[in-house]
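# Remarks on the overall topology
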Amino acid sequence: AHFTTTPNPGPVGHGFTQANLDTGQTYWSSDIGPFVRAFGLDTCNQVAGPDGALPEQQFEWLRAGLDQAEKDGKLALIFSHHNSFTLENDAALATEPQRLVHAEEFVAMLLEHPNAIAWINGHTHINTITAHKRADGAPGGLWEITTASCIDYPQQQQVVEVVDNRDGTLSLFTTALDHAAPAVWNGDLTPMGLASLSRELSANDWVENPTMRIGSPMDRNTELLLPAPFDLSAITDAALEAAQANDRARVMAWEAGWPSS
């Protein structure tokens, strides 16, 4: 289904390639613009249980990928479903003895790579931001950004922006977004109408606690500071503007094909 995407607006495959289809590999990496590399992981345990873990083969693939991203002068964002509170599943088949990596070892490996600036995940359905400091007391670390689920009220998503402060530091800005569908459904079956129905149903789920789901003010609209992992002066405004113009052109070309109604 990821490959049903057209070049406009793209990206085709959303990080997955033909090699993923050919081999069944369920994790991927892809550049987001010229200076950021994304790594998408598959932390789901295929044997049993809702919580996750990282098979050692995938763990070593990520380690090598982060090493290469550092050589390439790329900032790295890591994406997974499970977070550091739930990366603990030990279920395994005797016929598949591959070691499973859990949160403590995983975070320690990420902290060995200063260019790994954020781990973005979910699973617990609660907006949470967690700081992981370096064990040796060195400056810097890793920000873990956990976003609430789209199925639970208030059905928020999150924008993460990376900003060079031009003083040897960078900032990650996180902004929680609500979707634009009305809170009360009027019977409309368009995508916007179905979003409205979803919002109404989630708001009336009597076992939910929306206040808990949205997290504290410190878990939503934030500025998260880090020392720059390398000299960011090569990241010029002109290069960023060119990349952004290209992305906008693809979106505009796609929107031009929408029916007028």
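No experiment lies behind these values; they were computed from the predicted model shown.

### Observations regarding the overall build of the protein
Scanning the protein for helices and strands turns up six helices and eleven strands. The globule rule puts the C-alpha radius of gyration for 261 residues at 18 Å, and the 20 Å found for the protein is close to it. Along the first, second and third principal axes, the C-alpha atoms of the protein reach 55 × 50 × 45 Å. Burial analysis of the protein (261 residues in total) assigns 38% to the buried set. In the protein, the share of contacts with a sequence separation of at least 24, taken over all contacts with a separation of at least 6, comes to 63%. When the accessible surface of the protein is totalled, it reaches about 14,700 Å², and 58% of it is carbon and sulfur. Side-chain charges of the protein comprise 13 positive and 33 negative groups, with the mean position of each set lying 5 Å from the other.

### Side note on the sheet that holds strand β11 (residues 222-227)
On the basis of which strands lie adjacent, the open sheet formed by three strands has the order β9-β10-β11 and antiparallel pairing. Only two strands of the sheet have a single partner each, and these edge strands are β9 (157-164) and β11. With strand direction ignored, the average angle separating the axes of adjacent strands in the sheet is 20 degrees. Sheet topology note: the strand β10 (residues 169-177)/β11 ladder contains six bridges and is antiparallel. Following the sheet pairing, Ser 171 is matched in β11 by Leu 225.

### Brief notes about the nonpolar core
Nonpolar side chains in soluble globular proteins tend to end up buried together. Leu 62, Leu 66, Ile 78, Phe 106, Leu 110 and Trp 119 are the most contacted members of the largest nonpolar core, which has 20 residues in total. Elements with a contribution of two residues or more to this core: α2 (56-71), β4 (75-79), α3 (103-111) and β6 (116-121). No other element matches the six residues that α3 contributes to this core. Of all hydrophobic cores here, the second largest spans 16 residues; its members include Leu 75, Leu 77, Ile 117 and Leu 226.

### What about the environment of Met 252?
Tracing the backbone through its elements, the reader meets Met 252 in helix α6 (residues 237-255). Sequence-wise, Met 252 and Ala 38 are 214 residues apart; in three dimensions their C-alpha atoms are separated by 24 Å.

### A closer look at a nonpolar patch on the surface
Among the surface-exposed residues, Phe 3, Val 12 and Leu 21 lie close enough to one another that they form a single nonpolar patch of about 260 Å² accessible area. Tracing the backbone through its elements, the reader meets Leu 21 in helix α1 (residues 18-23). The class of Leu 21 is exposed, set by a relative accessible area of 53%.

### Details of the sheet that holds β4
Spatially, six strands are ordered β1-β2-β4-β6-β8-β7 in an open sheet, and the strand pairing comes out mixed. Edge positions in the sheet fall to β1 (28-32) and β7 (128-133), since each of these pairs with one other strand and no more. Averaged over all adjacent pairs, the angle separating strand axes in this sheet is 20 degrees, with direction ignored. Relative to β6, β4 is paired through four bridges, and the arrangement is parallel. When the bridges of β6 are listed, Phe 79 appears paired with Ile 120.

### Regarding the side chain of Gln 158
Among the structural elements, Gln 158 can be located in strand β9. Among the polar contacts listed, one links the side chain of Gln 158 to the side chain of Thr 147, at a separation of 2.7 Å. Sequence-distant contacts of Gln 158, that is, excluding residues within four places in its chain, are made with Asn 127, Ile 145, Thr 146, Thr 147, Thr 174, Thr 175, Ala 176, Asp 219 and Arg 220.

### Re the pairing of strand β8 (residues 141-146)
The buried count for β8 comes to six of six residues, which makes it a mostly enclosed element. Across four bridges, β6 lies against β8 in parallel orientation. Bridge pairing links Ile 120 to Ile 145 in β8.

### Comments concerning the pattern of salt bridges
The full count for this structure, using the stated rule, is eleven salt bridges. A salt bridge links Arg 99 to Glu 56; its shortest N-O distance comes to 3.1 Å. Of this pair, Arg 99 sits in the loop between β4 and β5 (100-101) while Glu 56 is found in helix α2, placing the two residues 43 residues apart along the sequence. The class for Arg 99 is partly exposed, based on a relative accessible area of 34%. Between Glu 208 and Arg 213 there is a salt bridge, with the nearest N and O atoms lying 2.8 Å from each other.

Each value, and the rule that gives it
Residues numbered from 1 in each chain as written. Predicted model: local features only at pLDDT ≥ 70, side-chain atom pairs only at ≥ 80, totals over all residues. Heavy atoms only, no water. Helix = DSSP H or I, 4+ residues; strand = E, 2+ residues; numbered from the N terminus. Rg over C-alpha atoms; globule rule 2.2 N^0.38 Å. Buried < 20%, exposed > 50% of the residue type's maximum accessible area, 1.4 Å probe, protein only. Contact = heavy atoms within 4.5 Å. Areas by Shrake-Rupley, 256 points an atom, 1.4 Å probe, with all protein chains shown as cover. Lys, Arg positive; Asp, Glu negative; His and termini not counted. Charge placed at Lys NZ, Arg CZ, Asp CG, Glu CD. Pairing = 2+ DSSP bridges. Axes fitted to C-alpha atoms, helices over the stretch in contact; angles between N-to-C directions. Core = buried A, V, L, I, M, F, W, Y, C linked by side-chain atoms within 4.5 Å. Patch = residues over 30% accessible without salt bridge, like charges linked within 9 Å, V, L, I, M, F, W, Y side chains within 5 Å. Salt bridge = Lys/Arg side-chain N within 4 Å of Asp/Glu carboxyl O. Polar contact = N/O pair within 3.5 Å; in protein donor to acceptor, adjacent residues only side chain to side chain.

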